[in-house]
Amino acid sequence: MAENSVSPDRKDISIATKLIALIGGLIIFSSVVVAVLCLSVFSRRQLEYTEEQLIHTAEGGMRTLEDWAVTLNSYAMISSVRGDVEEAILENDREALKDILDEYSDALDYEIMLFTDSRGRVIQAGGYNVAAGTDLSSTYAVKKALSGKEVNSFEPIAGAAYGAVYAYPILSGGSVIGTAVAVYDLATEDFVTLMNEGYDVECTIFCGDLRVQSTIAGVVGTRQTNTDVTNAVLRNGGEYSGDVEINNQTYFSVYSPLKNDDGTVSGMLFIAQSLE
């Protein structure tokens, strides 16, 4: 037998070794594929769970704003039917209205409570320092209230960068002589902090596409430039959910429209959780 020949036993061992290595490699590869697939399924289910939870949280936020509107409604409605308010407005008695607002400040929770005359000019205000004579006739709330209708809106008004507003006409002898307006300022930290601490989410309030308050640092005063969001929410009045990038960080988010009582969209509520 030649010196370089290979014995049948060694050849069998070599083939067996190769088969074992091949089978081992296939097992490892299959395990990796299964692990990747399981991780992908888990990630997808986790994302679906996050999306569902955020949608519920956004709905909870909207219900909170609706509850606040009910409270404002009661403040403005009660004020609009008080005989002493009617008399003070007819006489342009700012001191009498101030006494009424001082009475309110001890018992009621609001940022702004004010009375206007029939031209929409402020006679007296409580809460924020709104100067007498300030013209609010162009605001949605006061303009509609002067037409004789109660109104609920989201808009900048009387020192509030973006407020939840309720207003009522004040009548005398069937004629509108002024308005009673109650406001919660959504540009304060109150609402976004409530959402952040109550639901462990990030929260931003938009006036149009402008961020007026947020739990995300450094974004107040910036604009939403994602046209998918602005078209879906501000233009079409629907919700938007999906990934967005803010300050180089990715969030899964839900944007909900904030609407006046005529259905027009004036802003957005943003609820999100970081994906990083």
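Quick note: structure is the one above.
Residues numbered from 1 in each chain as written. Predicted model: local features only at pLDDT ≥ 70, side-chain atom pairs only at ≥ 80, totals over all residues. Heavy atoms only, no water.

*Asks:* Help me get a handle on a nonpolar patch on the surface, residues and values and all.
*Replies:* A cluster of nonpolar residues, M77, I78 and V81, forms a patch on the protein surface that exposes about 270 Å² of accessible area. Within the secondary structure layout, I78 lies in helix α1 (residues 8-80). (Patch = residues over 30% accessible without salt bridge, like charges linked within 9 Å, V, L, I, M, F, W, Y side chains within 5 Å. Areas by Shrake-Rupley, 256 points an atom, 1.4 Å probe, with all protein chains shown as cover. Salt bridge = Lys/Arg side-chain N within 4 Å of Asp/Glu carboxyl O. Helix = DSSP H or I, 4+ residues; strand = E, 2+ residues; numbered from the N terminus.)

*Asks:* For the side chain of R82, give the residues involved together with the corresponding values.
*Replies:* Tracing the backbone shows R82 in the loop between α1 and α2 (83-90). For R82, the side chain forms a polar contact with the side chain of D84, separated by 2.6 Å. A distance of 3.4 Å separates polar atoms of two side chains, one belonging to R82 and the other to E103. With sequence-adjacent residues up to four places away left out, R82 is seen in contact with I100, E103 and Y104. (Polar contact = N/O pair within 3.5 Å; in protein donor to acceptor, adjacent residues only side chain to side chain. Contact = heavy atoms within 4.5 Å.)

*Asks:* Account for helix α5 (residues 190-199), with residues named and values stated.
*Replies:* Three- or four-residue spacings in an α-helix give side chains the same orientation, since the helix completes a turn every 3.6 residues. Regarding α5, the residues found buried are F191, V192 and M195. An end-on view of α5 places all buried positions within 100° of arc, on one side of the element. Exposed and facing more than 90 degrees away from the buried side of α5 are E197 and G198. After α5 finishes, the residue D200 shows a positive phi value of roughly 60°. (Buried < 20%, exposed > 50% of the residue type's maximum accessible area, 1.4 Å probe, protein only. Arc of directions from axis to C-beta.)

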